[in-house]
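# Coordinates in review
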Amino acid sequence: MRKLALNDEILLEIEKPARYIGNEVNSVNKDASKVDVRFAICFPDVYEIGMSHLGIQILYDMFNQREDVWCERVYSPWTDLDKVMRREQIPLFALESQDPVKDFDFLGITIQYEMCYTNILQILDLSQIPVHSEERTWEHPIVIGGGPCTYNPEPLAEFFDLFYIGEGETVYDELLDLYKSCRLEGTSRETFLEKAACIEGIYVPRFYEVSYDENGLLESFTRKIQSVPEKIKKQIVMDVTSAPYPMAPVVPFIKATQDRVVLEIQRGCIRGCRFCQAGMLYRPTRERDVETLKEYARAMLKNTGHEEISLSSLSSSDYSELKELVNFLIEEFQGEGVNISLPSLRIDAFSLDVMRQVQDIKKSSLTFAPEAGSQRLRDVVNKGLTEEMILDGAGQAFEGGWSKVKLYFMLGLPTETDEDMKEIARLSDRIARRYYEIPKEERHGKCQITASSSFFVPKPFTPFQWTAMCSSEEYIRRAYVVKHEFQEQLNRKSLKYNWHDADVTILEGVFARGDRRVGKVIEEAYRLGCLYDSWTETFCNEKWIEAFQNTNIDIEFYTTRERDLDELLPWDFIDIGVSKNFLKHEWERAVQGTITPNCRLKCYGCGAAQFGGGVCYEG
Amino acid sequence: MKARIKFKKSGALRFIGHLDVMRFFQKAMRRAGIPIAFTKGYSPHMIMSFASPLGIGHSSDSEYFDIELKEAVSGREAVKRLNEVMVEGMEVVSFRQIGEEKKMTGMAIVAAAEYLTTLKKGSLPDNWKEKISEFLAQPEIRIRKQTKRSENEVDIKPLIYKLEVTENCFYMQVAAGSVQNLKPELVMEAFCRFLEVEWETVDFHHHRLEMYADVGNGSGRELKSLEDMGWEMEIETA
């Protein structure tokens, strides 16, 4: 029988012990003595969140296809177990073998959002691995970071041995083979890292140094040794149809956030919204073949037993074979009691028809993400959604029986005025008016329009990467402007407005565009007890403020400061294939309120065509 | 057509709670391709009903749930197919047809359960085995029982059907089900208090051996295992 790292007493004392026992359907067990490389892959958040992440499932499957590798999963212990592990000195373990992570060859951590940074330190700390790369020896695993936040890895530079910039399906084999040969030859850890740094897409922070000028601005970013590349090139899979995809993903015992089969239909997005980092990072847009996706759907439903299937992409409506795929899913699986869930669909006749077939209209709501209230500001952010489209879509939906609408907005976008903010309330009201145009006997009671706003965080590699953020007070002021305007509306009883917390936004802003110096704050905040910062129940802003004070780091330098277009940015050494020039042009067009049509309508030469495929070469 | 499935739960699976075991088997039914029937309506769900839930941390040789089938299947084949999609610690033992009467299914008919209980932490006085008959000879066995809403003192003696020693374990048969239910923990707590052993210093592991229905017709208990109430299901193969 499998051993467990935690004894019965501990497992009975903590919440949801199933988070820590492994053994789930489709999890992979191997004989540790018969593999060369043991890889622990980690999502630094609680199990239910981490298990919902497709990227980990893809890499887990891909690694385990190799006979010489055993890849196992690790998630953050929840705060209850965290205390027990510290008290009893239990080293963090991987779920499959239940062996300590510190004995593995690799610890790969996916970094999906800024607010998990203290959880990364918890993972290292509980694993009993030194948190600083410099202090590690061959006695410790090689710690790799991947995922969207690694497009500005600098705040985490000291904690990782290397970063993998780009999509995981490309150079991992090369890295694992290099590791095996280095261990066999008995080379030093430093030499291994030096060789790894020469693999395209691999960034080893210790071989690069930075300097700052008297104003604290980044002055230089240079190589310490000449053998490593000057720029790190993003890795990307061009043939997504042939890329590895897990036919039998792990099925958790407890309900994960994403308790369903996920079909990734495409990567990238043709839209080019100027605030969206993913829209730039994953260029060019690449579609998976629809026939392959049909096979995947069938196999994955069979192998997992899930009762729901969902499509995943940045903008599903832009997938060229969407109708074909959706009709197939409905015809093939709906009769077997399989739910079909279709997020990120544009509201039009087709999507309404599909939604009518797959969900209960009375319970479901329509979702629009206008992002900004006024047409002017929607043009600034290049959100190709007009008020006419919103009102038309809502109108059709209301006539079809829907009465609930959700609207998503951002506050604090560049050039935003009070008038733009007020338009959020007015647009919501105009949608409600559209509802009450329907004759009373044909509608179903009142409508419910729920508008939510988050605060805008400028991200690296977007046309807004140079812009200033607002202060926390200013964000809240803006939310109140919107709130008051809602109270002025005719249909205010059918409208609801809520907004997110501003303190977390400020921190996200610091880390999204931070440099190497802010790593100290993360360490200090962790020392003060910050953990699970993306959870409202555990987030503690006071401790973060204390951490900034203790480390003498000025929040505003990173948030409210407008960057010069010529400033050397901490992430400039990464080449995502989209040129800085294109981003500058897009910034200029934004300020003028000029929209840029999507990739299918016209090419603006962003640079992604250099990858030689995808939407750039359609037709 | 109704079928009753019996399974064993052990090892790491002891830490999977009742609701998650239900979810596990819903997915397992799909993986094994068992032709289970669904309810009608907008959100159809599998027609499946579980007998008495097992406490977290306990293991069992005899857990049960009943399902409605769309068509007959070979019981032996179904057991094989289900076991192909199980995980370590979960094993399907039998898949039998049962009567169509509504009141025959799931929770409704459970009347008793049998447990094997072992001490896993702390110690009992040397003469604990002899003390059992004295314990059972008391006119009443009163203990504080906590329910969802309140806590009150009850006499559990009538709910203990058997309490014996087998080797170094306790063997007990107690009332179970929706009418009267006695958890094995409570029996051990009462016994420890009787022995004047501090309850907090000891810990027991409970292993469920079997679950029974009462098929007696009013004149005393007549227990029959839930499995024995079903019969083998075979289909003609062409």
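The preceding data block contains the structure.
Residues numbered from 1 in each chain as written. Chains lettered and ligands numbered in written order. Predicted model: local features only at pLDDT ≥ 70, side-chain atom pairs only at ≥ 80, totals over all residues. Heavy atoms only, no water.

### Section: the nonpolar core
All names here are of chain B. Defined as follows: Nonpolar cores were defined as sets of buried Ala, Val, Leu, Ile, Met, Phe, Trp, Tyr and Cys residues, with membership established by side-chain atoms within 4.5 Å. The buried label goes to any residue with under 20% of its type's maximum accessible area, the exposed label to any with over 50%, and the partly exposed label to all in between, with areas taken from a 1.4 Å probe on protein chains only. Residue contacts are defined here by distance: any two heavy atoms, one from each residue, within 4.5 Å place the two residues in contact.
Ranked by internal contacts, the top residues of the largest apolar core, which has 211 residues, are Phe25, Ile67 and Phe95. For Phe25, the residues in contact, after removing those within four places along its chain, are Phe7, Met48, Phe50, Phe65, Met86, Met90 and Val92. Judged by nonpolar contacts, the second largest core, of 39 residues, contains Ile160, Leu182, Leu186 and Tyr212.

### So, the pattern of salt bridges
Residues and elements named next belong to chain A. Under the convention used in this document: We count a salt bridge whenever a side-chain nitrogen from Lys or Arg sits within 4 Å of a carboxyl oxygen from Asp or Glu. Note on conventions: DSSP H or I runs of at least 4 residues are helices, E runs of at least 2 residues are strands, and numbering of each starts at the N terminus.
Within the structure shown, the criterion is met by 79 salt bridges over all chains. Residue Lys180 pairs with Asp68 through a salt bridge whose shortest N-O separation is 2.5 Å. Of this pair, Lys180 sits in helix α6 (residues 172-185) while Asp68 is found in the loop between α3 (54-65) and β2 (69-75), placing the two residues 112 residues apart along the sequence. Judged by relative accessible area, which is 27%, Lys180 ranks as partly exposed. One network of salt bridges, in which partners are shared, links Asp36, Arg66, Asp68, Asp173, Asp177 and Lys180.

### Some words on the sheet that holds strand β17 (residues 448-455) of chain A
Residues and elements named next belong to chain A. Using the following cut-off: We treat two strands as partners when DSSP finds at least two bridges between them. Note on method: axes are straight lines fitted to C-alpha atoms, helices fitted across the in-contact stretch only, with angles between N-to-C directions ranging 0 to 180 degrees.
The sheet built from four strands is open, its strands ordered β15-β16-β17-β18 with parallel pairing. Pairing within the sheet leaves two strands with one partner each, and these edge strands are β15 (366-371) and β18 (495-499). For this sheet the average axis-to-axis angle between neighbouring strands, irrespective of direction, equals 20°. Direction of pairing for β15 relative to strand β16 (residues 404-411): parallel, over a ladder of four bridges. Counterpart to Glu371 in the pairing with β16 is Phe409.

### What to know about helix α9 (residues 290-304) of chain A
This is how it is decided: What a helix should span is 1.5 Å times the count of its residues minus one.
Across its 15 residues, α9(A) extends 21 Å between first and last C-alpha, which sits within 8% of the 21 Å expected from 1.5 Å per residue. The complete set of buried residues in α9(A) reads Val290(A), Thr292(A), Leu293(A), Lys294(A), Tyr296(A), Ala297(A), Met300(A), Leu301(A) and Thr304(A). Packing partners of the buried residues in α9(A) comprise β10 (261-264), β13 (308-312) and α10 (322-333) of chain A together with α1 (18-32) of chain B. The first or second residue beyond α9(A) is Gly305(A), which carries a positive phi of 80°.

### Focus: the environment of Tyr604(A)
All names here are of chain A. On the secondary structure map, Tyr604 appears in the segment after α20 (580-592). The sequence separation of Tyr604 and Thr110 amounts to 494 residues, and the corresponding C-alpha distance is 32 Å. If we ignore the near neighbours within four places in the chain, the residues touching Tyr604 are Phe582, Arg589, Thr596 and Pro597.

### Structural notes on the layout of surface pockets
All names here are of chain B. Selection criterion: Put plainly, a pocket is an open set of points on a 1 Å grid over the protein atoms alone with protein on both sides within 12 Å along at least five of seven lines, a cavity is a set where a 1.4 Å probe fits but cannot get out, and a lining residue has an atom within 4 Å of a point. Grid points are joined across faces, edges and corners, and a volume is the space filled by probe spheres set on the points. In this classification, the charged set is Asp, Glu, Lys and Arg, the nonpolar set is Ala, Val, Leu, Ile, Met, Phe, Trp, Tyr, Cys and Pro, and all remaining amino acids, among them Gly, are polar. Where each domain begins and ends is defined by an automated method or by a domain database.
Size it by volume and the second largest pocket reaches roughly 1000 Å³. Lining the second largest pocket are 35 residues, and of these His58, Lys183, Pro184, Glu185 and Leu186 sit closest to its centre. Of all the secondary-structure elements, those providing two or more residues to the lining of the second largest pocket are β5 (110-121), β6 (142-146), α4 (184-195) and β10 (203-214). No other element matches β10, which puts five residues into the lining of the second largest pocket. Along the lines of polarity and charge, the residues of the lining of the second largest pocket split into 12 nonpolar, 11 polar and 12 charged. Counting only domains with at least three residues in the lining of the second largest pocket, you end up with domain 1 (2-108) and domain 2 (109-224).

### Re the interface of chain A and chain B
Spelled out, the test is: Here the quantity called buried area is the total loss of accessible area, with a 1.4 Å probe, experienced by two parts when brought into contact, counted for both. Side-chain atoms alone can form a polar contact between residues adjacent in sequence; in general such a contact is a pair of N or O atoms within 3.5 Å, and within protein one must be able to donate a hydrogen while the other accepts it.
Each side of the interface is counted separately: chain A has 31 residues, and chain B has 24 residues. Both faces combined, the contact of chain A with chain B buries some 2400 Å², and carbon together with sulfur accounts for 56% of it. One can count five salt bridges joining chain A with chain B. As a salt-bridge pair, Arg14(B) and Asp8(A) come within 2.8 Å of each other at their nearest N and O atoms. For the interface between chain A and chain B, the tally reads 13 residue pairs in polar contact (both at pLDDT 80 or more). Of all the elements, helix α1 (residues 8-13) of chain A adds the most residues to the side of chain A that touches chain B, at four residues. Considering only residue class, the side of chain A that touches chain B consists of 13 nonpolar, seven polar and 11 charged.

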